[in-house]
Amino acid sequence: MKRALPDADTVKAAIDMVLEEAATRGRRPTVIAIERRLGIPHATFHRHHADLIDTHFRPRIPELVPHQATFALS
């Protein structure tokens, strides 16, 4: 028996949770985290919800700030 795929609103809610958790923990959000939260294999998720990754997830990922090494000059 096939498992029903989540609807767009469920996927958006999972994306929102992953973004919030990543921000709280100071980590970068990933598509894998969304797939795990939903219990969907990568290929299935990408096949059915790639549009939400492009429109609802990627634009909301915070920009990485490059780490600059600081050196003490004596």
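Just above sits the structure.
Structure report, in brief.

Our next topic: the packing of helix α1 (residues 8–25) against helix α2 (residues 31–38). The contact between α1 and α2 brings their axes to 9 Å, and the two run at 125 degrees. As the angle between them shows, α1 and α2 are arranged oblique. In terms of crossing hand, the pair formed by α1 and α2 is right-handed. On α2, the residues touching Thr10, Val11, Ala14, Ile15, Met17, Val18 and Glu21 of α1 are Ala33, Ile34, Arg37 and Leu38. The class makeup of the residues in the contact of α1 with α2 is eight nonpolar, one polar and two charged.

Another point: the packing of α2 against helix α3 (residues 42–57). Axis separation between α2 and α3 bottoms out at 11 Å; the angle between their running directions is 120 degrees. Taken together, the axis directions place α2 and α3 in an arrangement best described as oblique. Pair α2 / α3 crosses with right-handed handedness. Only His42, Phe45, Ile53 and Phe57 of α3 make contact with α2, whose side of the interface consists of Val31, Ile34, Glu35 and Leu38. Partitioning the contact of α2 with α3 into residue classes produces six nonpolar, one polar and one charged.

This part is about the nonpolar core. Membership of the largest hydrophobic core comes to 13 residues, with the highest contact counts inside it found for Val11, Ile15, Ile34, Leu38, Phe45 and Phe57. Here this core gets five residues from one element, more than from any other, and that element is α1.

Think of an α-helix as turning once every 3.6 residues; residues three or four places apart then point the same way. Look at α3: only 15 Å from first C-alpha to last across 16 residues, short of the 22 Å you get at 1.5 Å a residue. At His49, α3 is deflected by roughly 75 degrees, the largest bend along its length. Structurally, α3 contributes buried residues whose contacts are with α1 and α2.

Criteria and thresholds
- Residues numbered from 1 in each chain as written.
- Predicted model: local features only at pLDDT ≥ 70, side-chain atom pairs only at ≥ 80, totals over all residues.
- Heavy atoms only, no water.
- Axes fitted to C-alpha atoms, helices over the stretch in contact; angles between N-to-C directions.
- Helix = DSSP H or I, 4+ residues; strand = E, 2+ residues; numbered from the N terminus.
- Parallel < 35°, antiparallel > 145°, perpendicular 65-115°, else oblique.
- Left-handed = near helix turned anticlockwise from the far one by under 90°.
- Contact = heavy atoms within 4.5 Å.
- Nonpolar A, V, L, I, M, F, W, Y, C, P; charged D, E, K, R; others polar.
- Core = buried A, V, L, I, M, F, W, Y, C linked by side-chain atoms within 4.5 Å.
- Buried < 20%, exposed > 50% of the residue type's maximum accessible area, 1.4 Å probe, protein only.
- Expected span 1.5 Å × (residues − 1).
- Bend = angle between axes of the 7 residues up to and from the residue.

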